[in-house]
Amino acid sequence: MSISSGLFSGISGLNAMGNEMTVISDNIANVNTVGFKESRVTFQDVLSQTVATTTGSAQVGRGTSLADISSSFSQGSFESTDSSTDLAIGGSGFFTLRDDDSSSNNVYYSRAGEFRFDKDGNFVNPANYIVQGWKLNEITGQDEGSLTDIKLSSFTSSPTETDKMSMIMNLNSGSVDSSASGETTNITGAASSGAPNLIRITATGHGYQTGDTVNISGVVGTTEANGTWVITRIDADTFDLEGSTFANAYTSGGASNLPNTALSSVWNGSASDGIYLPDDKYSYQTALKVYDSLGSTHDITIYFDKGSSTTDPVWEYIVTVNPTEDLRTVADATQKGLLARGTIEFNGTSGVISGGASSITCSLNDGDGTWTALTNNDAIDNGGYFVFNPEFIADSEMGIKLDFGARFNGTTWANDALTTTQYATASTTTFQSANGYGAGALQSVSVATDGVITGKYSNGQVLPLYRLALTKFTNDQGLYKVGGSLFSQTLLSGEPTTGKPGRDGYGSLSPNSLEQSNVDLATQFVRMITTQRGYQANSKTITTIDQMLSDLINLKR
């Protein structure tokens, strides 16, 4: 073995130390690169040469070589940003990205979560590779289909029509009957043989005048008395009602309660001056905005007036819309805009809805002066609420549940925790709400820790759009660096497995954050010192051997 062999051992050392310094330089150069994972170098000795010794044989090393350059996938620290689409992974996994170039269409993996939406709505990294995930059902929030490009294809939220409205009020117990209906009446005389269509009532304090009309729906005695009755004033408290033939099957001296319907009788949907219900004909009104199927808004106004009752206090109400927006087929123009009417009965002592089987009633306007009374079974079919049917779009009838803070449970009208009351204080609306919404434009996008991308729209809706996918490998060290903080799959890395952030061992996402490089400068500087000394030592072996060879040559002068 010649002395010159040591030169090649020294050269191998210089090469090895040079490569390590290159790796160290690359680590330090990427100290601020988002998602960068530092590399480290390990060495191994070269196959030794066997030489003869006095004891037999021995081995002499031939230098060193690179054993491996591996990446460290330890967690990097997080840097806070002001972008909601900047994402950092806390734990295992890589973002999955697809190169949209038709010539390659390759899939890559990265820890760098610097993403944004491009002009086409694609969720991309700075190199315009599209982030992969699952599309979500906007209603259920569940995944739909397989892994796909995250792309905003629609920047609007479709409208949804209203199907329930809630109005919780206090109605002043001190209010009086402003519509002067005389609903509770005592029948004081029977129909005579000479005037079978005439009955006499008493209605104290209601101020009826000759020529006024009232609607009667129900049974007086044993006979139905439905229709419109014209009033003839006898004195301040006594009136004759004249209408269609009233059979002489009535017992004189009896009593009957006429329904609380005067408020609906006062409504005039054909009023040319736009005053469909005079201000002095009701005690309180409240309005709420609802949406049709196209997202247009309409005001539903409910009027209330104190009714008459011989037992617990009763309020009558009517449900109305602007007659110009009412597209129902209405035979009587005065009924335009009048959708429903009914009563609410309160407990005279507690002031809450009484809780009986008929505490809330409702009838729907047929548009020709007749009404269809709803039953409690109708309420049961609709979750315990009566439903009225406005029509704002031709041939597109809506169904809106009317909630006053009580729900029919199959036996009685049970009050909710927040319910309509009748206390001795000013009438006011305590709470009101209606579901449904109009069309909305996308205003902002945010990402949750579980990878769900949600869009916030101008109509107030927050809808789930996509869920980011994370990918893991059996051997992260086997991934191939392709530049741009990207890795690609190799045979050594194994097959990728894809999952949802925060589940099954996959890391969680941190929005408004970026994972910094995991390069530790202190460690790199120490390695730089040891590498430098190793390089100096190997260069010294070469110069020393060179001097030895020079001495050898100088033996011959």
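For the structure itself, consult the block above.
Given the structure is predicted, the values throughout are model-derived calculations rather than measurements. (Residues numbered from 1 in each chain as written. Predicted model: local features only at pLDDT ≥ 70, side-chain atom pairs only at ≥ 80, totals over all residues. Heavy atoms only, no water.)

1. Focus on the pattern of salt bridges
Now for step 1: In the structure shown here, the tally under the stated rule is nine salt bridges.
Now for step 2: Here arginine 98 and aspartate 149 are joined by a salt bridge, their closest N and O atoms 2.5 Å apart. Taken together, the residues arginine 98 in strand 7 (residues 94–98) and aspartate 149 in strand 12 (residues 143–149) connect sequence positions 51 residues apart. Assigned by exposure class, arginine 98 and aspartate 149 land together as buried.
Now for step 3: Salt-bridge contacts for arginine 111 lead to glutamate 515; the nearest nitrogen and oxygen are separated by 3.0 Å. Highlighted residues: arginine 111 in the loop between strand 8 (107–110) and strand 9 (116–117) and glutamate 515 in strand 42 (residues 513–515), separated in sequence by 404 residues.
Now for step 4: On the basis of relative accessibility, which here comes to 0%, the residue glutamate 515 falls in the buried class. (Salt bridge = Lys/Arg side-chain N within 4 Å of Asp/Glu carboxyl O. Helix = DSSP H or I, 4+ residues; strand = E, 2+ residues; numbered from the N terminus. Buried < 20%, exposed > 50% of the residue type's maximum accessible area, 1.4 Å probe, protein only.)

2. Structural notes on the packing of aromatic side chains
Now for step 1: Scanning the model with the defined rule gives 17 aromatic pairs in all.
Now for step 2: Here phenylalanine 73 and phenylalanine 94 contribute two aromatic rings whose centre-to-centre distance is 5.8 Å and whose plane-to-plane angle is 80°, an arrangement assigned as edge-to-face. With phenylalanine 73 in the loop between strand 4 (64–71) and strand 5 (78–80) and phenylalanine 94 in strand 7, this pair connects stretches of sequence that are 21 residues apart.
Now for step 3: Exposure remark for phenylalanine 73: the relative accessible area of 21% places this residue in the partly exposed category.
Now for step 4: On the basis of relative accessibility, which here comes to 2%, the residue phenylalanine 94 falls in the buried class.
Now for step 5: Centre to centre, the rings of phenylalanine 304 and tyrosine 317 are 6.4 Å apart; their planes meet at 45°, and the pair counts as tilted. A residue pair is termed long-range when its members are at least 10 positions apart, and phenylalanine 304 in strand 24 (residues 297–306) and tyrosine 317 in strand 25 (residues 314–320) qualify at 13 residues.
Now for step 6: Accessibility expressed as a relative area gives 1% for tyrosine 317, which makes it buried. (Phe/Tyr/Trp six-rings, centres within 6.5 Å; stacked < 30°, edge-to-face > 60°.)

3. Observations concerning the environment of threonine 160
Now for step 1: If you trace the backbone, threonine 160 turns up in the loop between strand 13 (156–157) and strand 14 (164–170).
Now for step 2: In this structure the C-alpha to C-alpha distance between threonine 160 and alanine 439, which are 279 residues apart in sequence, comes to 8.0 Å.
Now for step 3: Not counting residues within four places of it along the chain, the set of residues in contact with threonine 160 comprises Tyr291, Asp292, Gly436 and Tyr437. (Contact = heavy atoms within 4.5 Å.)

4. Observations regarding the nonpolar core
For soluble globular proteins, nonpolar side chains are generally found buried alongside one another.
Now for step 1: Grouped together as the largest cluster of nonpolar side chains are 34 residues, with contacts concentrated most on Ile300, Ile302, Phe304, Tyr317 and Phe388.
Now for step 2: In this structure phenylalanine 388 touches Met165, Ile300, Val319, Leu339, Ala340, Leu364, Met398, Gly399, Ile400 and Leu402, once residues within four positions along its chain are discounted. (Core = buried A, V, L, I, M, F, W, Y, C linked by side-chain atoms within 4.5 Å.)

5. Looking at the side chain of threonine 454
Now for step 1: Mapped onto the elements of the fold, threonine 454 is located in strand 35 (residues 452–457).
Now for step 2: Residue threonine 454 is classed as buried on the basis of its relative accessible area, which comes to 19%.
Now for step 3: For threonine 454, the contacting residues outside a window of four places in its chain are Ser444, Val445, Ser446, Val462, Leu463, Pro464 and Leu465.

6. A word on the environment of leucine 277
Now for step 1: Mapped onto the elements, leucine 277 comes out in the loop between helix 2 (262–266) and strand 23 (284–291).
Now for step 2: Leucine 277 sits in the buried class, given a relative accessible area of 5%.
Now for step 3: Remark: the alpha-carbon pair of leucine 277 and tyrosine 303, spanning 26 residues in sequence, is separated by 9.1 Å.
Now for step 4: Not counting chain neighbours up to four residues away, the residues in contact with leucine 277 comprise Leu263, Val266, Trp267, Tyr282, Tyr303 and Ile318.

7. Some details on the side chain of glutamate 38
Now for step 1: When you line up the elements, glutamate 38 lands in the loop between helix 1 (5–29) and strand 1 (39–45).
Now for step 2: Here glutamate 38 occupies a buried position and makes no salt bridge, while the nearest side chain of opposite charge, arginine 527, is found at 4.7 Å.
Now for step 3: Discounting residues that sit within four places of it in the chain, glutamate 38 has contacts with Asn27, Ser70, Ser71, Ser72, Asn518, Val519, Asp520 and Gln524. (Lys, Arg positive; Asp, Glu negative; His and termini not counted.)

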